[in-house]
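A closer look at the structure
Listed here are the chains, written in short residue letters.
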Amino acid sequence: MRISELFEIICPDELKGIQLDIKTIPNIESLNGTHPMSFSVLNAEERKLYEKSQNKESFIGSTESIIIYDVDVENFYNILITKDESPTHDLAMKKLQKYCNSIPAAYVYISHMLLHELGHYKQYLDRGKNVSSYINWCLEEEKTNAMNHQILMSQVQQRINQFIPPFKLNKSEKIKLERLIKDYRNIPKEKEADNFSYSHMRQAMDILSRTLPVR
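Residues numbered from 1 in each chain as written. Predicted model: local features only at pLDDT ≥ 70, side-chain atom pairs only at ≥ 80, totals over all residues. Heavy atoms only, no water.

Some remarks on the environment of Pro26
To keep it simple, the criterion reads: Each helix is a run of H or I in the DSSP string that is no shorter than four residues. Each strand is a run of E no shorter than two, and both are numbered from the N terminus. In this scheme, a residue with accessible area under 20% of its type's maximum is buried, one over 50% is exposed, and one in between is partly exposed, where area comes from a 1.4 Å probe on protein chains only.
Inspection of the secondary structure assignment puts Pro26 in the loop between strand S1 (19-23) and strand S2 (37-40). Overall, the relative accessible area of 74% leaves Pro26 in the exposed class. Sequence spacing of Pro26 and Val71 is 45 residues, and the spatial spacing of their C-alpha atoms is 9.5 Å.

Spelled out as structure tokens, the structure:
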């Protein structure tokens, strides 16, 4: 099953109005670390209008979408858990593990990721599609977290370039990265989107269990 097909199955009825911007790629390796889905407030043309606007505070968007790089759910998940050193997956699965008795972990986790992006869409709707209000909400916290993440990963790469083992994250670096990930997940915009996902998982998994072949 492809990610776009999973989305159509689990998307709550009240949010089915969101446009899907489906990207095709030659193979899953082409993602090269790119997140396979994201909520986008503006398409390229409307972004130009927003950037030129003299009154950004009252600019109302109309081209929001969820961008999906349409790859196979299980193939992507397998690559994710073998190549991604971030603790994001493990932290989320502590809350999602209860669904894995009847649904494969790949579908559980990717469903959570999709519902998280739908949580951002709902936040945008709740702000009346006011682009500036949504974009600037928690922006400074996001920038600080991203800067600290970049600094840490740069330090890791410098160590590796000096041939100082291990040639991946060491213990102290893993601890620092986990702290950064936890801080990011506690940014109000992200925490609210996570909570939206967790609150809709039971319904989504019930629907999905009637669609997937019996394990």
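Considering the pairing of strand S3 (residues 65-69)
Heads up, the condition is: Note: two strands are recorded as paired if DSSP finds a minimum of 2 bridges between them.
Counting buried positions over the five residues of S3 gives four, a clear majority of the element. In this structure, S1 lies alongside S3, joined through five bridges in parallel fashion. Bridging across to S3, Asp21 finds its partner in Ile67. Two strands pair when backbone bridges link them, and S2 and S3 are joined in this way by four bridges, in the antiparallel orientation. Residue pairing across strands places Ser38 opposite Ile67, the latter belonging to S3.

Description of the side chain of His89
For clarity, the cut-off: Between two residues, a contact is recorded if the distance between any of their heavy atoms is within 4.5 Å.
Mapped onto the elements of the fold, His89 is located in helix H4 (residues 88-96). The residues contacting His89, other than those within four sequence positions of it, are Tyr77, Ile81 and Tyr109.

Focus on the packing of H4 against helix H5 (residues 105-126)
What counts is decided by this rule: Every axis in this analysis is a line fitted to C-alpha atoms, fitted for helices over the stretch in contact. Angles between the N-to-C directions lie between 0 and 180 degrees. When an angle is under 35 degrees it counts as roughly parallel; over 145 it counts as roughly antiparallel; between 65 and 115 it counts as roughly perpendicular; any other value is oblique. Three classes are used, and their members are as follows: Ala, Val, Leu, Ile, Met, Phe, Trp, Tyr, Cys and Pro are nonpolar, Asp, Glu, Lys and Arg are charged, and the others, Gly among them, are polar.
At a closest axis distance of 11 Å, the pairing of H4 and H5 adopts a crossing angle of 100°. Considering the angle they form, H4 stands roughly perpendicular to H5. For the pair H4 and H5, the contacting residues are Thr88, His89, Ala92, Met93 and Leu96 in the first and Ala105, Val108, Tyr109 and His112 in the second. Partitioned by chemical class, the residues of the contact of H4 with H5 number six nonpolar, three polar and no charged.

Examining the nonpolar core
How we decide: Buried Ala, Val, Leu, Ile, Met, Phe, Trp, Tyr and Cys residues that are joined via side-chain atoms within 4.5 Å together make up what is termed a nonpolar core.
Counting residues in hydrophobic clusters, the biggest one holds 47 residues, and the most contacted among them are Phe7, Tyr109, Ile110, Leu114 and Leu118. Looking at this core, the elements that each hand over two or more residues are helix H1 (3-10), S2, S3, helix H3 (73-83), H4, H5, helix H6 (131-136) and helix H9 (188-209). When neighbours within four sequence positions are excluded, Leu114 is seen to be in contact with Ile3, Leu6, Phe7, Ile10, Met37 and Ile68.

A look at the packing of H3 against H5
For the pair H3 and H5, the least separation of the axes is 9 Å and the interaxial angle reads 90°. The angle between H3 and H5 places the two elements in the roughly perpendicular class. Contact residues: H3 offers Val73, Glu74, Phe76, Tyr77 and Leu80, while H5 offers Ala105, Ala106, Tyr107, Tyr109, Ile110 and Met113. Among the residues forming the contact of H3 with H5, the class breakdown is 10 nonpolar, no polar and one charged.

As for the packing of aromatic side chains
Note the following rule: Each aromatic pair joins two rings of Phe, Tyr and Trp (for Trp, the six-membered one) with centres within 6.5 Å, and gets the label stacked for planes under 30 degrees apart, edge-to-face for over 60, and tilted for any other angle. A positively charged side chain is recorded as over a ring if its NZ (Lys) or CZ (Arg) lies within 6 Å of the ring centre. The angle to the ring normal must also be within 35 degrees.
What the rule picks out here adds up to six aromatic pairs. The interplanar angle of 45° and the centroid separation of 6.0 Å between the aromatic rings of Phe39 and Tyr121 together place this pair among those described as tilted. You can see Phe39 sitting in strand S2 and its partner Tyr121 sitting in helix H5, a full 82 residues away along the chain. Through successive ring pairs, a cluster of aromatic residues spans Phe39, Tyr121, Tyr124 and Tyr134. Between Lys56 and the ring centre of Tyr50, over which it is positioned, the NZ or CZ distance is 5.7 Å. Looking at Arg127, its charged tip hangs above the ring of Trp137, at a distance of 3.7 Å from the centre.

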